[in-house]
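A look at the structure
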Amino acid sequence: MRVRHLLRRFLGSLVPVGPGAADDAWARAHFLSGEEALWDQLGRADRRHAVGVARRVERALGHEATRPVIAAALLHDVGKLDARLGTYGRVVATLSAAAAGRHLADAWAERRGLTRRVGLYLKHPELGADRLALAGSDPLTVAWAREHHLPEEAWSVPSHLGRALRAADDD
Ligand SMILES: [Fe+2]
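I will try to describe carefully the structure that is included in this document. (Residues numbered from 1 in each chain as written. Predicted model: local features only at pLDDT ≥ 70, side-chain atom pairs only at ≥ 80, totals over all residues. Heavy atoms only, no water.)

**Focus: the overall build of the chain**
- When helices and strands are counted, the chain shows 11 helices and zero strands.
- Expected size for 171 residues packed as a compact globule is a radius of gyration near 16 Å; at 15 Å, the chain falls within 12% of this value.
- For the chain, buried positions account for 46% of its 171 residues.
- Total accessible area on the chain is roughly 8,700 Å²; 56% of this is exposed by carbon and sulfur atoms.
- Side chains of the chain carry 25 positive and 21 negative charges; the gap between the two charge centres is 7 Å. (Helix = DSSP H or I, 4+ residues; strand = E, 2+ residues; numbered from the N terminus. Rg over C-alpha atoms; globule rule 2.2 N^0.38 Å. Buried < 20%, exposed > 50% of the residue type's maximum accessible area, 1.4 Å probe, protein only. Areas by Shrake-Rupley, 256 points an atom, 1.4 Å probe, with all protein chains shown as cover. Lys, Arg positive; Asp, Glu negative; His and termini not counted. Charge placed at Lys NZ, Arg CZ, Asp CG, Glu CD.)

Right under this line is the structure:
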């Protein structure tokens, strides 16, 4: 895991400020109705972060930043809702994955309490993809949620789109 990225997200989440009204309206203009219902469930710091990612994707891709691509930038981490972890729990989850390996996520998700939540957090790509599919999202939006932690060779999302989405999330 990219420690600088994690640290920046952690520090940002300590100040739970949401996106500004204009940014929130811009995000909503890219959603299908089912996606907007998911957006409403995200925490303020997550929504603010997501708008930053999506704005960078739009700048990087120009006319290729289609509605499904922007929706992917905004909602690719929506599976984190299932873990219901706060800032500290997310740090625990990330460090657990680094120490013990993501492959334990399935087993952890079958357990109880914090162990279960850590397991669910590590499974957020699949859980988010399922949520988006149920919400009626475009296949590209669903695919990026599922693939955004995978190596590039494993993407079904076109490489240049995936690279722009990933680069925007690292900034
Ligand atoms: Fe993620």
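**Details of the coordination of the iron ion**
- Protein ligation of the iron ion involves Asp77 (OD), His124 (NE2), His148 (NE2) and His149 (NE2), the donor distances falling in the range 2.1 to 2.3 Å.
- The site at the iron ion holds four donor atoms, and with the angles between them running 88 to 177 degrees, its shape is irregular.
- Sequence spacing of the donor residues for the iron ion, all on one chain, is D-x46-H-x23-H-H. Taken together, the residues span a long stretch of sequence, with histidine 124 in helix H9 (residues 124-134) and histidine 148 in the loop between helix H10 (139-147) and helix H11 (159-170) at a distance of 24 residues. Accessibility classification places histidine 124 together with histidine 148 in one group, the buried group. (Donors = N, O, S within 2.8 Å, 3.2 Å for Na, K, Ca; no water. Tetrahedral: all angles 85-135°; square planar, octahedral: opposite > 155°, others 65-115°.)

**Focus: the packing of helix H4 (residues 44-61) against helix H5 (residues 67-75)**
- Across the interface, H4 lies against H5 with an axial gap of 7 Å and an inter-helix angle of 150 degrees. For the pair H4 and H5, the sense of crossing is right-handed. Between H4, through Ala50, Val51, Val53, Ala54, Val57, Glu58 and Leu61, and H5, the contact on the second element is made entirely by Val69, Ile70, Ala73 and Leu74.
- A breakdown of the residues in the contact of H4 with H5 according to their chemical character gives 10 nonpolar, no polar and one charged. (Axes fitted to C-alpha atoms, helices over the stretch in contact; angles between N-to-C directions. Left-handed = near helix turned anticlockwise from the far one by under 90°. Contact = heavy atoms within 4.5 Å. Nonpolar A, V, L, I, M, F, W, Y, C, P; charged D, E, K, R; others polar.)

**Digging into the side chain of aspartate 169**
- With respect to the helices, strands and loops of the structure, aspartate 169 is situated in helix H11.
- Setting aside residues up to four positions removed in sequence, aspartate 169 forms contacts with His5, Arg9, His49, Val53 and His76.

**Here's the deal with unusual backbone geometry**
- Unusually for a residue other than glycine, arginine 84 sits at a positive phi of about 45 degrees.
- Relative to the helices and strands, arginine 84 resides in the loop between H5 and helix H6 (87-100).
- On the basis of relative accessible area, arginine 84 is assigned to the exposed category, the value being 59%.

**A look at the pattern of salt bridges**
- Applying the stated criterion across every chain, the model contains 11 salt bridges.
- A salt bridge links aspartate 24 to arginine 28; the shortest N-O distance between them is 2.6 Å. Of this pair, aspartate 24 and arginine 28 both sit in helix H2 (residues 21-28), separated by four residues, roughly a single helical turn.
- Judged by its relative accessible area of 23%, arginine 28 falls in the partly exposed class.
- For lysine 123, the salt bridge is made with aspartate 106, and the minimal N-O distance between the two is 2.7 Å. With lysine 123 in the loop between helix H8 (113-122) and H9 and aspartate 106 in helix H7 (residues 105-109), this residue pair connects regions lying 17 residues apart in the sequence.
- With a relative accessible area of 18%, lysine 123 lands in the buried category. (Salt bridge = Lys/Arg side-chain N within 4 Å of Asp/Glu carboxyl O.)

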